[in-house]
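# Structural characterization, general
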Amino acid sequence: MVLETNLRKILVVILASIALTACATQKKAGKMTGDVYTGTDTVEYLATGVRDRVFFATNKSTLTTASRDTLRKQAAWMRKKSSLKFTIEGHADERGTREYNLALGERRANAVKDYLMTYGISGSRLSVISYGKERPVNSGSNPLAWSQNRRSVTVKVD
Amino acid sequence: MKKLILTIFCLFLFNSSAKAVVEVDITRGNLDPLPIAVSPLHVALGSIDVKEGEKVIKNIGEKISGVVEINFKRSGLFNPLKKESFVQNPDIAHIKPRFEDWRLIKAQALVTGKVTVTEDKLRVEFRLWDVVAAKEMIALAFSTTPNNWRRVAHIISDKVYQRLTGEEGYFDTRIVYVSETGPKTQRYKKLAIMDQDGANVKYLTLGNELVLTPRFSPTNQLVTYLSYFKNLPRVYLLDIETGVQEVVGDFPGMTFAPRFSPDGKKIIMSFAKDGNSDIYTMNINTRVVEKITEHTSIDTSPSFSPDGKYICFNSDRSGLQQIYVMRSDGSQVKRITFGKGLYGTPVWSPRGDLIAFTKVHKGKFYIGVMRPDGSGERLLTENFYQEAPSWSPNGRVLIFYRETKSDSEGKGFSAKLWSIDLTGYNERLIETETDGSDPSWSSLLSK
Amino acid sequence: MTRSIFLSLVFHSAMIILTAISLPFMMRTPVDLPPILSVDLIQITDKTSIPFAAKAAKTLEKIKKEEEERVVSEQAPPTEKKKEKPDRIPLPDDLNKEKKEIVKKKQNPKEIKDEIRQASEFEKEELFDPNQIAALIDKSKEDTAQTLKKDNKITQSNVKTSFAKGLTLSQEDALKAQIFGCWSLPLGLPYHKNLLVRIKLKLKADGTVLKSEILDHARMNQPGQGFYKVLAESALRAIRICQPLRVPPTGYEKWKDLQLNFDANEMLKG
């Protein structure tokens, strides 16, 4: 009798842990590739289908394939709205020194600006500002939050 | 047995002929803080109460000795004894201390004094006594305006500190920092200045725009900092006395990470052009701008050596953040950090012998020091997040700031100022009215 | 997304409850250890008990010879090499002048000079009175040749003490232990400098100090050696606090001239 109850308890524990791990992996797979955030939770839209931001790996300012895809869509839309001007914000996560993060944010924003310019958007329509780690979008202290904060956002200037 | 007796006999002979002295090596002692008694100052008859604005300060003698006591305690080098155990009255102790009384409570040093307050003058005499040797060590007097009584307490602390440790003190100084409030996603930041013991807090900006990384000039009258005024991040100069702010130079892009040169004539900072950050200097008077680094990497956080001949800075030209040293004209750039992890925020000690830095390794943040050639790396403290050390003017104490972890709503987040001694001891939270970050230590105010 | 969170929560809580019930309760109350007091147990004997007394004679002969040789070589003028510190960057002098021009100093409390000095009743001659330094400098010159050599030979003198001098090893340990307890090391001392203070004492039979003298007195007022004065004072304080010193009950002639070498380097190396 005792053996049976113990065995049952053990089985439930094993099943529960399997379910647990399944949940964990789903999180990782769906939201980040390597270090770069790939989800849409914090993303806003400049127009239908045109995401307003791209994300970066830790300490990096290189554009991923997904980022370039987003920026091409942005450029296409910007060409249609030729009277509009934009500010490109560069941001960094909190896991670095403040001053270096200001420089990193600047680099990221400029990487976006340069890419948009190669798609025919005039540099006079794009201004750049870095906020370093001062304006996180997710206040959490975990890898997911940090990946959401490593971003460059294109903002319409009113 | 005979041989032994013979040997010992020879010992005696040899001993007396050589007139030798018995030598004993003392290589250990106790590292406890020195027990010191700070007697409340005797207030001279006829003195009036000190007024601080509308507040009336009673017992100015106790107030002054209280500030001195807190300075000693916070330094970690002295142990101020409890006043309840003092036997002698302040007025007698100042003229003729009964050293046996003070020895009873195990004091090794004693500070006594007398203060006289008139309408427009505050006069303080103080003495430092060596209780063990039963003699006077220092005797000095100061006069100033009554509302400046705190500075006298700090100067007394510095004089005693210097006499008992052999080094200059750091108590008559101020700290400029960023006062923070609000949610983590939209922090409300103001420039603030306070005495190093936390008193006399004053806010220098209103908080309408983001302000970051302030630094004192060597003359202590000017502060340079980064401001997002009109959404344009630029380096500014603020005159503490007049409150006047002006932008530094006319740069077509973001300037940031500003410091002063040791002679106070130049501002050194980073300028970001087309995404690339290089180090520039600008002469405050002539407005002449010089480009110091020329590289496609991020070059920032510059810091002059105290003789103005060298600059240490942060660069990622090797791929990751490391610390470099170059001559002040930008030549002879040499990398000095080769350890595991990232290095940032290098600051040259006012003594010239060390560079303090922030190190990030395996998800942990460290504050450490190393020699200017990169050797002798010593990590002083470890934390989830901490950075930006700044030196006290005597090169003994580092002030920096820490942030805590927070959940996705931002709960649990706080930013606080901390200090630590060069030895790694005496890690101490510095109380501020609000959260604080980016602290910078002034030089001694009386210089 | 939400479904998976819900499921995860359910299974998490289920597992926690199960663990709490089924697994053995493994809580041990933390043990409160009393703070460890370091106690030095020293047994004092009259004779230093050395195992192989047969060798002692030979070693003595060797030392005696070395002593004789050393006396000759010590007459040679010392060649002192200044330690080259490449890290040290000296401050230029004109910086101070420049600063004064720029600043309009406000509210700096002014120092009042020359008024207080008469009032105190304890204006004794300090041991550190600069006027006496001149008299002492000549003496220190004599010692310089000898003492410079001695600086590097602390370990050897240990051997000398136990074999040829007045205190047995255990007597020495007893005295050391006593002074270790009295010496408050000034915590502000710089690293990697010569932190050795040698104090010569003349003792009375009961262990009280008749006279104390700081060797290397000239160092006290050298620029950049401010810490030496502080170190020396701390050593003197230690000796005073420790009176009467833990001296052996017999053999007064052997140890009435005692030299204590205070070296802070070991403790501060960190």
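Residues numbered from 1 in each chain as written. Chains lettered and ligands numbered in written order. Predicted model: local features only at pLDDT ≥ 70, side-chain atom pairs only at ≥ 80, totals over all residues.

### Some words on the overall build of chain A
Broken down by element type, chain A carries four helices and eight strands. Evaluated residue by residue, chain A yields a buried proportion of 42% over its 158 residues. Relative to all contacts within chain A whose residues are 6 or more apart in sequence, the contacts with residues 24 or more apart total 68%. (Helix = DSSP H or I, 4+ residues; strand = E, 2+ residues; numbered from the N terminus. Buried ≥ 20, exposed ≤ 12 C-beta atoms within 10 Å, placed from the backbone. Contact = placed C-beta atoms within 7 Å.)

### Focus on the overall build of chain C
Assigned secondary structure in chain C consists of nine helices and four strands. Along chain C, from the amino end to the carboxyl end, the secondary structure elements read α-α-α-β-α-α-α-β-β-α-α-β-α. The buried share among the 270 residues of chain C stands at 18%. Across chain C, every contact between residues at least 6 apart in sequence was considered, and the portion connecting residues at least 24 apart equals 79%.

### Here's the deal with the interface of chain B and chain A
Listed by partner, the interface residues are 36 residues for chain B and 25 residues for chain A. Considering only residue class, the side of chain B that touches chain A consists of 13 nonpolar, 16 polar and seven charged. (Nonpolar A, V, L, I, M, F, W, Y, C, P; charged D, E, K, R; others polar.)

### Points about the confidence of the model for chain C
Note: predicted coordinates in regions of low pLDDT should not be interpreted at a detailed level. Residue and element names in this part refer to chain C. Considering every residue of chain C, the mean pLDDT works out to 64; 47% of them sit at 70 or more. Segment residues 69-105: pLDDT under 50, and 35 contacts once partners within four positions in sequence are set aside and those in other chains are kept. With pLDDT under 50 throughout, residues 115-164 is counted as low confidence; its partners more than four residues away or in other chains account for 61 contacts. Here the prediction assigns the complex a pTM of 0.77, and the interface score ipTM is 0.91. (pLDDT = per-residue confidence, 0-100.)

### A word on the domain arrangement of chain A
Quite often, the size of an interface is put as the accessible area lost when its parts meet. All names here are of chain A. Annotation of chain A at the domain level lists domain 1 (1-33) and domain 2 (34-157). Each side of the interface is counted separately: domain 1 has four residues, and domain 2 has eight residues. If you list the elements that add at least two residues to the side of domain 1 that touches domain 2, you get helix 1 (2-31) and strand 1 (32-33). (Domains from an automatic or database assignment.)

### Looking at the nonpolar core
Soluble globular proteins tend to pack their nonpolar side chains together in the buried interior. Membership of the largest hydrophobic core comes to 149 residues, with the highest contact counts inside it found for Ile64 of chain B together with Ala235 of chain C. Counting 17 residues, the second-largest nonpolar core is a separate cluster that includes Tyr37, Phe55, Leu63 and Ala111 of chain A. (Core = buried A, V, L, I, M, F, W, Y, C linked by C-beta atoms within 7 Å.)

### A short note on the sheet that holds strand 22 (residues 310-315) of chain B
All names here are of chain B. Taking strand neighbours across the sheet as the criterion, the four strands line up as 21-22-23-24 in an open arrangement whose pairing is antiparallel. Of all strands in the sheet, those with a lone pairing partner are strand 21 (299-304) and strand 24 (334-335), marking the two edges. Across two bridges, strand 23 (residues 322-327) lies against strand 24 in antiparallel orientation. Opposite Val325, over in strand 24, you have Lys334 as the bridge partner. (Pairing = 2+ DSSP bridges.)

### Brief notes about helix 7 (residues 226-241) of chain C
Turn by turn, an α-helix covers 3.6 residues, leaving residues three or four places apart pointing in a common direction. The end-to-end C-alpha distance of helix 7 of chain C is 23 Å, a good match for the 22 Å that 16 residues give at a rise of 1.5 Å each. Listed as buried for helix 7 of chain C are Tyr228, Val230, Leu231, Ala232, Glu233, Ser234, Ala235, Leu236, Arg237, Ala238 and Ile239 of chain C. For helix 7 of chain C, the elements touching its buried residues are helix 5 (149-165) of chain B together with helix 6 (169-182), strand 2 (196-203), strand 3 (209-214) and strand 4 (257-263) of chain C. (Expected span 1.5 Å × (residues − 1).)

### Re unusual backbone geometry
Note on backbone geometry: most residues besides glycine have negative phi, and most peptide bonds are trans. For the peptide bond that leads from Gln243 of chain C to Pro244 of chain C, omega is -5 degrees, which places it in the cis range. By the secondary structure assignment, Pro244 of chain C is in the loop between helix 7 and helix 8 (252-255). Within the chain, Lys230 of chain B stands out as a residue other than glycine whose phi angle is a positive 55 degrees. Structurally, the position occupied by Lys230 of chain B is in the loop between strand 14 (222-227) and strand 15 (234-239). If you check the backbone angles, Asn426 of chain B has positive phi at about 60 degrees while not being a glycine. Looking at where Asn426 of chain B falls in the secondary structure, it is placed in the loop between strand 31 (415-421) and strand 32 (428-430). Residue Asn426 of chain B is classed as partly exposed on the basis of its C-beta count, with 16 C-beta atoms lying within 10 Å.

### Description of the environment of Phe256 of chain B
Locating Phe256 of chain B in the fold gives a position in strand 17 (residues 255-260). Residues Phe256 of chain B and Pro439 of chain B lie 183 residues apart in sequence; the distance between their C-alpha atoms is 16 Å. Discounting chain neighbours no more than four positions away, the residues touching Phe256 of chain B are Glu99 and Leu102 of chain A together with Leu226, Pro233, Val235, Met269 and Ser270 of chain B.

### Some points on the packing of helix 2 (residues 65-80) of chain A against helix 3 (residues 98-118) of chain A
All names here are of chain A. Taken N-terminus to C-terminus, the directions of helix 2 and helix 3 make an angle of 55 degrees; their axes are 9 Å apart at the nearest point. As summarised for this structure, helix 2 and helix 3 are arranged oblique, according to the angle between their axes. The handedness of the crossing between helix 2 and helix 3 is right-handed. Across the interface between the two elements, Arg68, Leu71, Gln74 and Ala75 of helix 2 pack against Val112, Tyr115 and Leu116 of helix 3. (Axes fitted to C-alpha atoms, helices over the stretch in contact; angles between N-to-C directions. Parallel < 35°, antiparallel > 145°, perpendicular 65-115°, else oblique. Left-handed = near helix turned anticlockwise from the far one by under 90°.)

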